[in-house]
Number of protein chains: 2
Amino acid sequence: MKDVALHAGVSTATVSRVLNGHAAPTPETRSRVLAAIDELGYRPNALARSLRTTSTKTFGLVISDLVNPFFAEIARAVEQEARAHGYCVVLANADENDEQQATYVRTLLDRRVDGLLVCPATDDATWVEEVVAGDVPLVLLDRTVTGADCPVVRADGAEALTELAVRLIDTGHRRIGVIAGPAVTSTGRERLEYFSAALAQFGHDLRPEYVVHGDFRRDSGARAAAELVALPERPTALVAMDNLMGLGALEELRRLGLVVPGDVGLAVYDDQPWFPLLDPPITVIAQPTVEMGRAAARSLLALIAGEQPADVRLNAKLIARGSCGETNRG
Amino acid sequence: MKDVALHAGVSTATVSRVLNGHAAPTPETRSRVLAAIDELGYRPNALARSLRTTSTKTFGLVISDLVNPFFAEIARAVEQEARAHGYCVVLANADENDEQQATYVRTLLDRRVDGLLVCPATDDATWVEEVVAGDVPLVLLDRTVTGADCPVVRADGAEALTELAVRLIDTGHRRIGVIAGPAVTSTGRERLEYFSAALAQFGHDLRPEYVVHGDFRRDSGARAAAELVALPERPTALVAMDNLMGLGALEELRRLGLVVPGDVGLAVYDDQPWFPLLDPPITVIAQPTVEMGRAAARSLLALIAGEQPADVRLNAKLIARGSCGETNRG
DNA sequence: TGTGCACATGAGAACGATTACACACGCTGG
DNA sequence: CCAGCGTGTGTAATCGTTCTCATGTGCACA
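Quick caveat, the model's predicted, so the values are computed rather than measured.

Section: the packing of helix 2 (residues 12-19) of chain B against helix 3 (residues 27-40) of chain B
Residue and element names in this part refer to chain B.
In step 1: At a minimum axis separation of 10 Å, helix 2 and helix 3 run at an interaxial angle of 90°. As the angle between them shows, helix 2 and helix 3 are arranged roughly perpendicular. Each of Thr14, Val15, Val18 and Leu19 in helix 2 lies in contact with helix 3, whose residues at this interface are Arg30, Val33, Leu34 and Ile37.

Here you go:
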């Protein structure tokens, strides 16, 4: 920058003014400065700038699992919305791991991101204190944690899960096995709770041995499916509360030679483009991932602007495709 | 930091020394400083540190498409390897878009990343000059660009594609339709070239009307498939040169009521966990994504360390599963 | 012609860390 | 008893920006 100033015969202050589009500089000096910048191939140092202005124009996004397409889509949406507003996104992958998440939150804070979007790996909220201490705007995405006082963006599955329960009961399923998410995540608990409540509401209690908790990943889905179909009274249908566990369950059922829905029905939480391609197409509860990502980014922007954005609750919806033996009617 | 120094009754220099694990400070001062840090909840400002040390301990990773699971897996591997070496990864998603890619490269350079990993969206290499000008270590991943003098990490599909060609011919396929990647990407060109050469080698020239170029995304795969099966002499098999285009092709075939492999065979480049679940399971060419990501990160580390890492070529391999009507012996 | 007023520009102090250098202190050895 | 040395600390310059003032110039007005 000093070089540019020298080269254009002005001071660094003027170069800075030109760079930041201040009103002051004369058209003539402005063009001289621009010429010098261009000639020297000068690029401003964002670090120094941020150090001075205390603004990095950057969001930190911590997601639970990058290879989970649900989160990948969210990440993409967040990034698009952020970019549209001149923000950059630093993506951190917690890999469903508490400690890694905490490490990343710390790193992002140290780098002075302007705001933080987190899909918490678990309920553990110790990291929240650090964020609050750093006075960094925070928005929770998909999952909540206890005791965090910040906007939350999530999809509400209560209605869809109730509808699914009705559909399963109508189809004649009485023994339903649930491959639930971890009890240490809000989504893990809620989905199970809503579904179980819906069943109970219609007089069909979910027996404890028919619930197996996984970790939102593929292998756990396979293990849970194996465990469930091995029960003395085999469930007539399985519900996997996440697309990766659903994938694992499918693999396991296939491996065991069980036919869907003939031997056992299957419904999965989260839609994926390949679910309709299976035989039979899989019945799912679809979440509005793109809208979730967008909404979260917008909430964060609002927070940064000093507003108090309300929580966002979008609706997940049931898409019945026949993998539970039901008739396909959307 | 000044506060910490004051609180511990030392100078900022000493605080810094404690922070950076210098040999100098006495155990006694060290603990006093640590106590003060802890008490004040002090967190060092990474920006200031980087400004001073000209090292950010950060890699920039520009990938072509975040929702493409192939790249998501690579990203995860890069991030893991980087983290293992104390580096952070800033992930940028080019969305298969040249301009967006250039913008991101520039942003990352401005933020003074210590190194750059790029999966180039196209052959356009203008952005490379900026990287070179900034004297930032660069490694290309998956795809190459013309005239970039830097280490490249990629999977070589020549062998697998040849094997696939043999397999298809053996199975009796004579009219083979190719859903190729964009001609402006090295992988798009190479895969087509290798496959076409392999066919030719066995006396079966690939006719131009049997090649349709897509853009490595789902919709283009569907369009290409539609176009190919509408040819007067319908191909007996389709080869999609990327998993997303393969997905699109599958959807289109399904929509048209064409049965795989009865009406038309299908093979896809890139494996995905759900391919084996389809009926029939899809024949694929699998790439070692995790190893690619790892290797790329290691190459970059080497480059930063001043070494001259050699290009890495890993092998893709054919996994025959029956979707081309062949026997499964893959 | 001198006073006052815009207005563009420059000088220099931050921002928060690292680090070369100088200093003070307590030892040892002649 | 003092030169000399090693050791632990502090002082201050520095990284590349931004931004507050102060300064200088030109112009209108009395």
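Picking up after the structure, the text goes on.
Focus on the sheet that holds strand 6 (residues 176-180) of chain B
Residues and elements named next belong to chain B.
In step 1: Spatially, the six strands line up as an open sheet ordered 7-6-8-9-10-12, and their pairing is mixed. Single-partner strands in this sheet number two, and they are strand 7 (211-213) and strand 12 (317-319). Going across the sheet, the axis of each strand differs from the next one's by a mean of 15°, ignoring polarity.
In step 2: By the bridge criterion, three bridges tie strand 10 (residues 283-286) to strand 12 in an arrangement that is antiparallel. Along strand 12, the bridge assignment pairs isoleucine 285 with leucine 318.

A short note on the protein's contact with DNA strand D
In step 1: DNA strand D sits among 24 residues. The nearest are A:Met1, A:Ser16, A:Arg52, B:Ser11 and B:Thr29.
In step 2: In DNA strand D, atoms within 4 Å of the protein come 67% from sugar and phosphate.
In step 3: A:Arg49 is positioned such that a nitrogen or oxygen atom in its side chain is 2.8 Å from a phosphate oxygen of DNA strand D.
In step 4: In the model, a phosphate oxygen of DNA strand D is placed 3.4 Å from a nitrogen or oxygen of the B:Thr26 main chain.
In step 5: Counting only elements with at least two residues in the surface near DNA strand D, the list comes to helix 2 (12-19) and helix 4 (46-53) of chain A together with helix 2 and helix 4 (46-53) of chain B.
In step 6: Of all the elements, helix 4 of chain A adds the most residues to the surface near DNA strand D, at four residues.
In step 7: Among the residues forming the surface near DNA strand D, the class breakdown is 10 nonpolar, nine polar and five charged.

So, unusual backbone geometry
Residues and elements named next belong to chain A.
In step 1: The omega angle of the peptide bond from valine 260 to proline 261 is -5°, so this bond is cis rather than trans.
In step 2: With respect to the helices and strands, the residue proline 261 is situated in the loop between helix 11 (243-255) and strand 9 (265-269).
In step 3: For threonine 54, which is not a glycine, the phi torsion comes out positive at approximately 55°.
In step 4: The residue threonine 54 is located in the loop between helix 4 and strand 1 (58-63) in this model.
In step 5: Here the phi dihedral of aspartate 95 falls at roughly 55°; this positive angle occurs in a residue that is not glycine.

Regarding the domain arrangement of chain A
In step 1: Split by domain assignment, chain A resolves into domain 1 (2-44), domain 2 (56-153 + 289-313) and domain 3 (156-287).
In step 2: Between the C-alpha centres of domain 1 of chain A and domain 3 of chain A the distance comes to 63 Å.

Let's talk about the layout of surface pockets
In step 1: Quantified by volume, the second largest pocket comes out at close to 1,200 Å³.
In step 2: For the second largest pocket, the lining is made up of 45 residues, of which A:Leu47, A:Val90, A:Arg111, B:Leu47 and B:Arg111 are closest to its centre.
In step 3: Residues that form the lining of the second largest pocket fall into these classes: 16 nonpolar, 16 polar and 13 charged.

Let's talk about the side chain of B:Gln287
Residue and element names in this part refer to chain B.
In step 1: Position of glutamine 287 among the secondary structure elements: in the loop between strand 10 and helix 12 (289-304).
In step 2: We classify glutamine 287 as buried; its relative accessible area is 10%.
In step 3: Reaching out from glutamine 287, the side chain makes a polar contact with the side chain of aspartate 270 at a distance of 2.5 Å.
In step 4: Here glutamine 287 is in contact with Phe70, Asp142, Ala155, Arg191, Tyr269, Asp270, Met292 and Ala316, once residues within four sequence places are set aside.

A few points about the packing of aromatic side chains
In step 1: The final tally for this structure, using the stated rule, is seven aromatic pairs over all chains.
In step 2: Ring geometry for A:Trp274 against A:Phe275: centres 4.4 Å apart, planes inclined by 50°, an arrangement best described as tilted.
In step 3: Centroid distance B:Phe59 to B:Tyr87: 4.5 Å. Interplanar angle 20°. Geometry classified as stacked. In this pair, B:Phe59 sits in strand 1 (residues 58-63) while B:Tyr87 sits in the loop between helix 5 (69-84) and strand 2 (88-93), placing the two residues 28 residues apart along the sequence. As far as the burial class goes, B:Phe59 and B:Tyr87 line up, both buried.
In step 4: Clustering of aromatic rings is evident, with ring pairs tying together A:Trp274, A:Phe275, B:Trp274 and B:Phe275.

Thoughts on the pairing of strand 1 of chain A
All names here are of chain A.
In step 1: Burial analysis of strand 1 places six of its six residues in the buried class, which makes it a mostly covered element.
In step 2: A two-sided burial pattern is seen for strand 1, the buried positions comprising Thr58, Gly60 and Val62 on one face and Phe59, Leu61 and Ile63 on the other.
In step 3: After leaving strand 1, the chain enters helix 5 (residues 69-84) and then returns to the sheet as strand 2 (residues 88-93), a path that is right-handed.

A few points about empty space enclosed by the protein
All names here are of chain B.
In step 1: The tally for this structure, following the rule as stated, stands at six cavities of 30 Å³ or more.
In step 2: For the largest cavity, the calculated volume is near 80 Å³.
In step 3: For the largest cavity, the full set of lining residues is Asp142, Arg154, Ala155, Asp156, Gly157, Thr187, Glu190, Arg191, Tyr194, Tyr269 and Gln287.
In step 4: Secondary-structure elements contributing two or more residues to the lining of the largest cavity are strand 5 (152-156) and helix 9 (186-201).
In step 5: Considering each element in turn, the lining of the largest cavity owes the most residues, four residues, to helix 9.
In step 6: Residue classes in the lining of the largest cavity are distributed as three nonpolar, three polar and five charged.

Quick notes on the rules
- Residues numbered from 1 in each chain as written.
- Chains lettered and ligands numbered in written order.
- Predicted model: local features only at pLDDT ≥ 70, side-chain atom pairs only at ≥ 80, totals over all residues.
- Heavy atoms only, no water.
- Axes fitted to C-alpha atoms, helices over the stretch in contact; angles between N-to-C directions.
- Helix = DSSP H or I, 4+ residues; strand = E, 2+ residues; numbered from the N terminus.
- Parallel < 35°, antiparallel > 145°, perpendicular 65-115°, else oblique.
- Contact = heavy atoms within 4.5 Å.
- Pairing = 2+ DSSP bridges.
- Near = heavy atom within 4 Å.
- Polar contact = N/O pair within 3.5 Å; in protein donor to acceptor, adjacent residues only side chain to side chain.
- Nonpolar A, V, L, I, M, F, W, Y, C, P; charged D, E, K, R; others polar.
- Domains from an automatic or database assignment.
- 1 Å grid on protein atoms, 1.4 Å probe; cavity = no way out; pocket = protein on both sides within 12 Å on 5 of 7 lines; lining within 4 Å.
- Points joined across faces, edges and corners; volume = space filled by probe spheres on them.
- Buried < 20%, exposed > 50% of the residue type's maximum accessible area, 1.4 Å probe, protein only.
- Phe/Tyr/Trp six-rings, centres within 6.5 Å; stacked < 30°, edge-to-face > 60°.
- Right-handed = clockwise from strand over helix to strand, strands pointing away.

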